[in-house]
Amino acid sequence: MIIKTQKEIPSSEITDLTVFKARRRFIKTVLASVVGATMPVWADNNKSRTLLPNNALVPTPIELVKNYTNYYEFTLNKEDSTKLAQNFVTDPWSLEISGEVEKAGIYHLEDILRQQTLEERIYRFRCVEAWSMVVPWMGFSLGNILKMAKPLSTAQFVKFTAIYQPETMPNQRNNVMLQWPYVEGLRIDEAMHPLTMLAVGMYGDTLPKQNGAPLRLVVPWKYGFKSIKAIVKIELLKKAPITTWNKSAPNEYGFYANVNPAVTHPRWSQNSERQLGSGFFTARRQTELFNGYSEQVADLYRDMDLRHFF
Ligand code: MTE
């Protein structure tokens, strides 16, 4: 068993995060699951969790999170990707890191994971369609692997590309809805922010295929469409990439996509949200700027007009 402990996020940076985080040893069973075995992922005897102060987040019931998904490569229907994604091939999986970096390369996912210590982080997850969930993700800071590639000073943006696998993804085959593969992007400081993570699991298990296995982005202060699933390529760029949703409807989906109740989407008011799984009589939640993570991320946008850069 190989366990390498990455440099941890300084505790000063995480004290106030609504991050329900516990470092769990990256054990053999994780690696086994990454390479396709069917055994459980995280050892049962390693379930201890540390609840950070101010964390009042209660995870949404797992069945809801697993069966109410947006995965347009498979279907436009939130209930159907659970079944349709099952033939999707996630093993073997490699990730290309290239562009404005000193050390470009193609890495096998299991090699990347061998070098990471997984963290569990409970984050709010807010979709632009005005529903929200709370999800305990398992993964590591995106910044860890970006640093591994040694970004050059010219690297200003990060582009993420999802897999193109038309044999198993029906809407790619038929060119339905969006241009494929799915592409997303972040500014470099957003990508390096300690809240930004690459997830390989949720609820203490590997990611279900319909939720983005084997590797997805999670950026908790942005709308869910930024959280690209099934990532195969990360490029560091001088200029902002053209992203899938921005290209398809620029007036609806900005590059930044920060959760912001003051910027209304043409089809959904962003003022409040339906909290999935909270019960029929539960009131809608007032949406918060940056999805409640202002304290951690507002500085990134200090001098920006967020109505313009939505
Ligand atoms: N990533 C890919 N590759 N394809 C997609 O269709 N949908 C996005 C995002 N990532 C999507 C994707 C959208 S619109 C949302 S809201 C979230 O994934 C949904 O994540 P979930 O299905 O795990 O809730």
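Everything numeric here is computed off the predicted structure, so don't read it as measured data.

(A) Representation of the overall build of the protein within the structure. Within the protein, the regular secondary structure consists of ten helices and 13 strands. By sequence separation, contacts in the protein at least 24 residues apart represent 72% of the contacts at least 6 residues apart. Per element, the accessible surface of the protein, about 14,000 Å² overall, is 53% carbon and sulfur.

(B) Fine view of the site of the ligand. Taken together, 16 residues lie near the ligand, and Tyr-72, Glu-73, Arg-216, Ser-227 and Lys-229 sit nearest. Arg-216 is positioned with one of its side-chain polar atoms (N or O) 2.7 Å from an oxygen atom of the ligand. For the ligand, an oxygen atom lies 2.6 Å from a polar atom in the side chain of Lys-229. For the ligand, whose free accessible area comes to 530 Å², the fraction covered by protein is 98%.

(C) Here's a closer look at unusual backbone geometry. Residue Pro-92 follows Asp-91 across a cis peptide bond; omega there is 5°. Residue Pro-214 is bonded to the preceding Ala-213 through a cis peptide linkage, with omega at 0°. Along the chain, Pro-214 falls in the loop between strand E9 (205–206) and strand E10 (216–218). Here the phi dihedral of Asn-175 falls at roughly 50°; this positive angle occurs in a residue that is not glycine. Residue position: Asn-175 is located in the loop between helix H7 (170–173) and strand E7 (183–187). For Asn-291, which is not a glycine, the phi torsion comes out positive at approximately 55°. You can see Asn-291 is positioned in the loop between strand E13 (285–286) and helix H10 (294–297). A residue is classified by how much of its surface remains accessible, and Asn-291, at 0% relative accessible area, is buried.

(D) Spotlight on the packing of aromatic side chains. With the rule as written, the count across this model stands at 17 aromatic pairs. Where Phe-125 meets Trp-131, the ring centres are 6.3 Å apart and the plane angle is 45°; that geometry is what we call tilted. Each of the two residues, Phe-125 as well as Trp-131, counts as buried. Among the aromatic side chains, those forming a connected cluster through ring pairs are Phe-157, Phe-255, Tyr-256, Phe-290, Tyr-301 and Phe-309. Sitting over the face of the ring of Tyr-293, Arg-124 holds its NZ or CZ atom 5.5 Å from the ring centroid.

Reading the values: the criteria
Residues numbered from 1 in each chain as written. Predicted model: local features only at pLDDT ≥ 70, side-chain atom pairs only at ≥ 80, totals over all residues. Heavy atoms only, no water. Helix = DSSP H or I, 4+ residues; strand = E, 2+ residues; numbered from the N terminus. Contact = heavy atoms within 4.5 Å. Areas by Shrake-Rupley, 256 points an atom, 1.4 Å probe, with all protein chains shown as cover. Near = heavy atom within 4 Å. Polar contact = N/O pair within 3.5 Å; in protein donor to acceptor, adjacent residues only side chain to side chain. Buried < 20%, exposed > 50% of the residue type's maximum accessible area, 1.4 Å probe, protein only. Phe/Tyr/Trp six-rings, centres within 6.5 Å; stacked < 30°, edge-to-face > 60°. Lys NZ or Arg CZ within 6 Å of the ring centre and 35° of its normal.

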